[in-house]
Structures are given as structure tokens and as C-alpha cells.
Amino acid sequence: MNTFRWIAGGLALALLAACGKPETAPVQPLPVLVVHPSGSDGTAVAAYPGEVHAREEAALSFRVGGNLLRRHVDAGQRVKKGQVLAELDVADYALQARAAQAQYAAAEADLVRARDEHKRYTALAAQELVSRSALDAQTAALKAAQGQADAARANLDVSRNQAGYAQLRAPDDGLIATRQAEAGQVVAAGQTIFTLAADGAREVAIALPESAIRDFSVGMPVQVELWNQQGKLLPGSIREIAAAADPQARTYAARVSLAAEALDAVELGQSARVFIGHGSHGQLRVPLAAVQAGKQPQQASVWVVNPANGALQARAVTLGAYGADDVPVLQGLKPDDWVVAAGGHLLREGQVVKAVDRSNRAVLAPAPATAANKED
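Only a predicted model underlies this, so the values are computations on that prediction, with no experimental measurement involved.

A. The arrangement of the overall build of the chain in detail. Scanning the chain from N- to C-terminus turns up three helices and 24 strands. In the chain, which comprises 376 residues, the share counted as buried stands at 32%. Counting contacts in the chain only where the partners sit at least 6 residues apart, residues at least 24 apart contribute 71% of the total.

B. Just helix H3 (residues 132–165), in detail. Here H3 is 34 residues long and its end C-alpha atoms lie 50 Å apart, about the 50 Å a rise of 1.5 Å per residue gives. All buried positions along H3 are accounted for by Leu135, Gln138, Leu142, Ala145, Ala149, Ala152, Leu156 and Ser159.

C. Summary view of the packing of helix H2 (residues 91–126) against H3. Where H2 contacts H3, the two axes come as close as 8 Å, and the packing angle between them is 160°. Compared by their axis directions, H2 and H3 come out roughly antiparallel. In terms of crossing hand, the pair formed by H2 and H3 is left-handed. Of the residues that constitute the contact of H2 with H3, the class distribution is 18 nonpolar, twelve polar and six charged.

D. Structural detail: the sheet that holds strand S5 (residues 66–71). Judged by pairing direction, the sheet is antiparallel, and its four strands sit side by side in the order S8-S7-S5-S10 without closing on themselves. Each edge of the sheet is formed by a strand with only one pairing partner; in this case those strands are strand S8 (167–169) and strand S10 (186–187). The pairing of S5 with strand S7 (residues 84–88) spans three bridges and is classified as antiparallel. By the bridge assignment, Leu68 is partnered in S7 with Leu88.

E. How the structure looks around unusual backbone geometry. In this structure, Glu128 takes a positive phi of about 60° despite not being glycine. For Glu128, a relative accessible area of 69% puts it in the exposed group. Although it is not a glycine, Arg250 sits at a positive phi angle of roughly 55°. The topology assignment puts Arg250 in the loop between strand S14 (233–241) and strand S15 (251–258). Using a relative accessible area of 38% as the deciding quantity, one classes Arg250 as partly exposed.

F. Representation of the confidence of the model for the chain in the model. When pLDDT is averaged along the chain, the result is 82; 86% of the residues meet or exceed 70. Scored below 50 in pLDDT, residues 6–18 shows zero contacts in the model against residues more than four places distant or in partner chains. Here residues 372–376 scores under 50 on pLDDT; set against residues more than four positions off or in separate chains, the count is two contacts.

G. Up close: the pattern of salt bridges. Taken as a whole, this structure holds 18 salt bridges when the rule is applied. Among the ionic pairs, Glu225 bridges to Arg273, the shortest N-O distance being 2.5 Å. In this pair, Glu225 sits in strand S13 (residues 221–226) while Arg273 sits in strand S16 (residues 271–279), placing the two residues 48 residues apart along the sequence. The exposure class of Glu225 is buried, given its relative accessible area of 8%.

H. Expanded view of H2. A rise of 1.5 Å per residue sets the reference length of H2, with its 36 residues, at 52 Å; its end C-alpha atoms lie 53 Å apart and thus fit the reference within 8%. Contact partners of the buried residues in H2: H3.

I. Structural context of the environment of Phe194. Along the chain, Phe194 falls in strand S11 (residues 192–198). Residues Phe194 and Ala177, spaced 17 residues apart in sequence, show a C-alpha to C-alpha distance of 7.4 Å. If we skip the residues at most four places from it in the chain, Phe194 touches Ala58, Ala59, Leu60, Arg71, Val73, Leu85, Ala86, Leu168, Ile176, Thr178 and Arg179.

J. Focus on the sheet that holds S11. Taken together, the four strands give an open sheet; going across it, the order is S4-S11-S9-S6, and neighbouring strands pair in antiparallel fashion. Each edge of the open sheet is held by one strand with a lone partner, namely strand S4 (57–61) and strand S6 (78–79). In terms of strand pairing, strand S9 (residues 174–179) meets S11 through five bridges, oriented antiparallel. Paired with Thr178 across the bridge in S11 is Thr195.

K. Representation of the nonpolar core. Counting residues in each nonpolar core, the largest one holds 26 residues, and the members touching the most others are Ile206, Phe216, Val224 and Ile276. For this core, the secondary-structure elements that each account for two or more residues are strand S3 (43–54), strand S12 (202–209), S13, S14, S15 and S16. Ranked by size, the runner-up nonpolar core spans 19 residues in total, among them Val79, Leu88, Tyr93 and Phe194.

L. Structural detail: the environment of Arg120. Along the polypeptide, Arg120 turns up in helix H2. According to the relative accessible area criterion, Arg120 is partly exposed, its value standing at 42%.

M. Just the packing of aromatic side chains, in detail. Taken as a whole and assessed by the stated rule, the structure comprises one aromatic pair. With a centroid separation of 5.9 Å and 80° between ring planes, the pair formed by Tyr48 and Phe216 is classed as edge-to-face. A residue pair is termed long-range when its members are at least 10 positions apart, and Tyr48 in strand S3 and Phe216 in the loop between S12 and S13 qualify at 168 residues. In terms of burial, Tyr48 and Phe216 fall into one category: buried. Seen from the ring of Tyr104, Arg153 lies directly overhead, with NZ or CZ sitting 5.4 Å from the centre.

About the cut-offs
- For every chain, the first residue of the written sequence is number 1, and numbering continues from 1 onward in sequence order.
- Only residues with pLDDT of at least 70 get local features here, since the model is predicted, and only at 80 or more are side-chain atom pairs given and counted; chain-wide, interface and lining totals rely on the full set of residues.
- Computation of side-chain values covers all heavy atoms of the structure but excludes hydrogens and water.
- Runs of E in the DSSP output that reach at least two residues are strands. Runs of H or I that reach at least four are helices, and both are numbered from the N terminus.
- For each residue, the accessible area found with a 1.4 Å probe, counting protein chains only, is set against the maximum for its type, and the residue is called buried under 20%, exposed over 50%, and partly exposed in between.
- Any two residues whose heavy atoms approach within 4.5 Å are treated as being in contact.
- Helices are assigned an expected span. That span is 1.5 Å times one less than the residue count.
- Working convention: axes come from line fits to C-alpha atoms, limited for helices to the stretch in contact. Angles between N-to-C directions cover 0 to 180 degrees.
- Any angle between 65 and 115 degrees counts as roughly perpendicular, while under 35 counts as roughly parallel, over 145 as roughly antiparallel, and the rest as oblique.
- Handedness of a crossing is defined here by the sense of rotation of the near helix relative to the far one, left-handed for an anticlockwise turn of less than a right angle and right-handed for a clockwise turn.
- Each residue gets one of three labels, nonpolar for Ala, Val, Leu, Ile, Met, Phe, Trp, Tyr, Cys and Pro, charged for Asp, Glu, Lys and Arg, and polar for the others, Gly among them.
- Two strands form a pair only when DSSP identifies at least two bridges running between them.
- Residue-level confidence of the predictor is what pLDDT reports, using numbers from 0 through 100.
- A pairing counts as a salt bridge when a side-chain nitrogen of Lys or Arg comes within 4 Å of a carboxyl oxygen of Asp or Glu.
- Buried Ala, Val, Leu, Ile, Met, Phe, Trp, Tyr and Cys residues form a nonpolar core when they are joined through side-chain atoms within 4.5 Å.
- Paired rings are identified among Phe, Tyr and Trp, the last through its six-membered ring, by centres lying within 6.5 Å, and are further divided according to the angle between planes into stacked (under 30 degrees), edge-to-face (over 60) and tilted (the rest).
- Two conditions define a charge located above a ring, namely a distance within 6 Å from the ring centre to NZ of Lys or CZ of Arg, and an angle within 35 degrees of the ring normal.

Right, dumping it as C-alpha cells:
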């Protein structure tokens with residue numbers, strides 16, 4: 001009887017202790033970034049940074065060297081075709097032209113004398129007063145004098161042209177993009193003084209990754225977004241792709257032509273992003289950060305959120321060739337699966353999470369909160 005009382009008393013104390021234990025607060029589901037596998041329509045869209053350029057950009061330079069005497073324009077200034085942009089000191093070229101003029105005058109005088117001598121010897125030879133060989137010598141002297149006069153005339157033309165080359169003129173209407181010399185500087189022939197961006201077509205210079213270069217082609221349509229007009233997409237197309245990759249960056253230089261209706265919206269030097277949809281051959285793609293190690297060696301997996309209860313499931317997948325930012329999934333996923341895009345190494349099987357998009361908005365119904373200790 002005493003034993004029974006002790007047991008009954010112990011049970012009563014245990015019940016009282018259990019009822020007095022504080023209730024544990026429910027644990028809220030952990031937010032995770034989720035995405036749908038991209039490229040289900042056979043196209044993956046990538047963004048490439050670029051800069052707006054003129055289609056025709058000319059490096060302007062003098063055809064002769066000398067001291068840069070005057071600079072009439074500056075960077076950012078509009079110019080017209082034929083406008084004088086800069087001038088060299090022409091003093092030396094003027095002296096050369098005067099020397100060439102004197103040489104030409106002397107050669108012309110020698111030519112006149114040779115003609116008179118040849119005419120006189122021709123008349124004497126007709127009267128048989130001079131030998132035939134003497135007439136041949138005068139004929140040769142006339143030809144030599146004619147050659148000297150022609151050479152002097154050509155040298156004079158060159159000297160005059162060099163004096164004219166001391167003025168740098170705009171080859172077309174456009175905008176001075178850069179200035180690379182200043183008045184007082186001694187410049188060499190062919191040294192760039194200005195860069196002229198001709199009026200007309202505008203392009204965006206971008207670099208395409210070597211890993212996906214076969215997915216791009218000339219004429220492919222693209223969309224361009226200017227950094228100062230985010231959300232506004234301008235139409236364009238790929239005009240050219242370099243034949244070889246840059247040896248250091250391992251990227252291919254490309255030019256994107258903007259459509260005629262988009263030219264008024266861009267300015268030279270603006271930063272832009274070019275959105276290009278390139279073929280993924282009908283394969284789904286997931287971000288590289290979504291890929292986790294699988295249960296088996298050399299096996300990959302991704303975390304997939306169960307839309308019914310918000311629980312995580314490790315899904316084994318078969319992957320294709322890795323890209324710069326994502327990887328194609330050959331088997332294991334469906335287009336409507338919600339895949340955890342980042343932080344997968346911190347998660348565990350069956351964990352209840354809150355699926356959100358990149359704007360931190362819930363994409364699935366809220367999962368119920370769980371308690372660490374649940375009272376019976």
C-alpha cells in the first residue's frame with residue numbers, strides 16, 4: 001500500500017513538472033532565394049556591358065611633322081567637313097617651297113637653252129655644216145634638260161603640298177571625341193591629334209565570352225539598355241564579331257548596331273548593357289551557385305522546394321558543360337520546379353523554408369512555423 005502511494009505521488013509530481021514547463025516559441029522558416037530553371041524555350045538571355053561608339057571613328061593626324069602652332073577645336077565640339085582643326089608652323093615648308101621654285105626656274109632656263117641649241121644644230125645638220133653625232137649629242141642634252149625641268153616641277157608641287165598639309169581639316173561632319181596634342185608640341189607625321197566620331201550610325205562595343213562564342217552570329221537581334229535609362233530597351237543587332245579572341249581576356253570583341261529609331265536616345269561614351277538571347281538547345285539552365293554535391297561521388301544535385309509544405313528535397317541532376325554564370329541541366333528538373341539559387345551548403349534535407357524571389361517576395365504559400373518542443 002505504501003509502495004502504491006509512493007508511485008502515485010511520483011506520477012503526480014511528474015505531471016505537475018510537465019505542466020509547469022514553459023512552451024518553446026515556434027521557429028520561423030528560413031528565407032531562401034529560389035528560381036525557375038531558365039531556357040525552357042530554348043533561349044538563355046545574358047547581359048553584356050558595353051560602351052556607345054560611332055560606327056566610323058577616324059584618328060586624325062598631319063601628313064607631315066612639325067611644331068603644332070594652333071589648335072582650333074577641343075574634345076566634345078562639333079565640326080563640319082573641311083573645317084580647319086589645327087595648324088603647324090609652315091615657316092620651314094615655305095622656305096622649302098621657295099627653294100623648289102628657284103630650282104624649277106633654273107631647270108626651265110636650262111631647258112630653253114637646250115631647245116635653242118637643238119634647233120640651231122638641226123639647221124646646221126641640214127646644211128651638212130655639223131656632223132650627225134653633234135646633232136645627236138644636242139638631242140640627248142635636250143632630253144636631259146626636259147627631264148630636269150619635269151623633276152624640278154614635281155619637287156615644287158610636293159613642297160607646295162607639304163605647306164598645305166600643315167593644316168589639319170575635318171574629313172566629315174562629326175564630333176571631336178578625343179584630343180591628344182596641344183599647341184606648342186612637336187608632332188610627327190601620322191601622330192594622332194584628334195579622334196573624330198562621324199555623324200550617323202551608333203554602335204555598342206561589347207566583349208563576348210569564348211565559352212559561348214558559337215551561340216552568337218552576325219545579324220542576331222539584341223536589346224540595349226542605357227545605364228541612365230534603366231528599364232528602357234532599345235532595338236539593335238550584332239554587326240560584327242572579331243575573328244580571334246583577345247589573347248589576355250579570352251573574349252571576342254563585337255559591335256552591336258542600334259536601330260535608326262534608337263539613335264536619338266544615345267550619346268557617345270554612354271555605358272550600356274546588351275541583352276542577347278543565345279540558344280541553349282532546349283535545355284534547362286540553373287545558376288552555378290545552385291549546384292551542390294550529390295550523395296554519390298561525381299554526382300550533382302540541387303535543392304528543390306516542395307510547393308505543398310515548403311520542405312527541401314535534394315534532387316540529383318545530370319549537368320552539361322559549365323558556362324560563365326550557369327549550367328545546363330540535362331536530366332532531373334522540370335521547368336516549373338523551384339530551385340534554391342544560393343546558400344545551398346547551409347541547408348539540409350526536409351528543412352522547411354520560405355521561398356522568395358530576388359525582390360524578397362514570397363513565391364509560394366507560407367510554410368507553417370515549427371516548434372522545437374511540442375507538448376502532447
